[in-house]
Amino acid sequence: MINEKDIAEFFKLFSNDGRLKIISSLATDNLTVNEIVERTQLSQSLVSQQLKLLKYARILRNEKIGKTVTYSIYDRHILHLLKDVAEHLAEQEGGNHES
């Protein structure tokens, strides 16, 4: 059974802006490490480190075809979750608070 501690640990994965950049870069395309580096402007070592963590958490997955490894979103629910958070923050910023 999932408890509050498990949920808190999961949300910690989104507390790093580099990880969020990586996830966002994969929202529409499957990408190689070099393509992720190019899109995010993060160092290759940082991208590789974060990819390993996100893959372990089953947020991302990879597929190897020949010598090429591409990364993609493991579950599209992740993108819905991030979109909902962005909408919530935009509502707060705009002063649109529902009681």
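Please read all numbers here as calculations on a predicted model, not as lab measurements.

On to the packing of helix α2 (residues 17-25) against helix α4 (residues 44-56), then. α4 packs onto α2 with a crossing angle of 75 degrees between their chain directions and a minimal axis gap of 10 Å. The orientation of α2 with respect to α4, classified from their angle, is roughly perpendicular. The segment α2 lies against α4, with Arg19, Ile22 and Ile23 engaging Val47, Gln50, Leu51, Leu53 and Leu54. Residue composition of the contact of α2 with α4, grouped by class: six nonpolar, one polar and one charged.

Right, let's get into the pattern of salt bridges. Opposite charge on two side chains lets them pair, provided their charged atoms get close. A full pass over the atoms with the stated rule returns three salt bridges. The salt bridge partner of Glu9 is Lys12, with a shortest N-O separation of 3.0 Å. With Glu9 and Lys12 both in helix α1 (residues 4-12) and three residues apart, the pair spans about one turn of that helix. With a relative accessible area of 41%, Glu9 lands in the partly exposed category. Lys12 sits in the partly exposed class, given a relative accessible area of 47%. A salt bridge links Glu87 to Lys83, with the nearest nitrogen and oxygen atoms 3.1 Å apart. Of this pair, Glu87 and Lys83 both sit in helix α5 (residues 77-93), four residues apart, roughly one helical turn. Judged by relative accessible area, Glu87 falls into the partly exposed class, the value being 38%.

This part is about helix α3 (residues 33-40). Of the residues making up α3, those classed as buried are Val33, Ile36, Val37 and Thr40. Down the axis of α3, the buried set is contained in an arc of 100 degrees. They therefore lie on one face. Of the exposed residues in α3, those oriented more than 90 degrees away from the buried face are Asn34 and Glu38. On its buried face, α3 is in contact with α2, α4 and β2 (68-73).

Moving on to the side chain of Gln50. The residue Gln50 is located in helix α4 in this model. When neighbours within four sequence positions are excluded, Gln50 is seen to be in contact with Asn16, Arg19 and Ile22.

The next subject is the environment of Gln44. Here Gln44 shows up in helix α4. Considering only alpha carbons, one finds Gln44 and Asn34, 10 residues apart in sequence, at a separation of 7.3 Å. In contact with Gln44, not counting residues within four places along its chain, are Val33, Asn34 and Val37.

Time to look at the confidence of the model for the chain. The share of residues in the chain with pLDDT of 70 or more is 95%, and the mean pLDDT across the chain is 92. Here α5 is the element of the chain with the lowest mean pLDDT, 90, and α3 is the one with the highest, 97.

Parameters and conventions
- Residues numbered from 1 in each chain as written.
- Predicted model: local features only at pLDDT ≥ 70, side-chain atom pairs only at ≥ 80, totals over all residues.
- Heavy atoms only, no water.
- Axes fitted to C-alpha atoms, helices over the stretch in contact; angles between N-to-C directions.
- Helix = DSSP H or I, 4+ residues; strand = E, 2+ residues; numbered from the N terminus.
- Parallel < 35°, antiparallel > 145°, perpendicular 65-115°, else oblique.
- Contact = heavy atoms within 4.5 Å.
- Nonpolar A, V, L, I, M, F, W, Y, C, P; charged D, E, K, R; others polar.
- Salt bridge = Lys/Arg side-chain N within 4 Å of Asp/Glu carboxyl O.
- Buried < 20%, exposed > 50% of the residue type's maximum accessible area, 1.4 Å probe, protein only.
- Arc of directions from axis to C-beta.
- pLDDT = per-residue confidence, 0-100.

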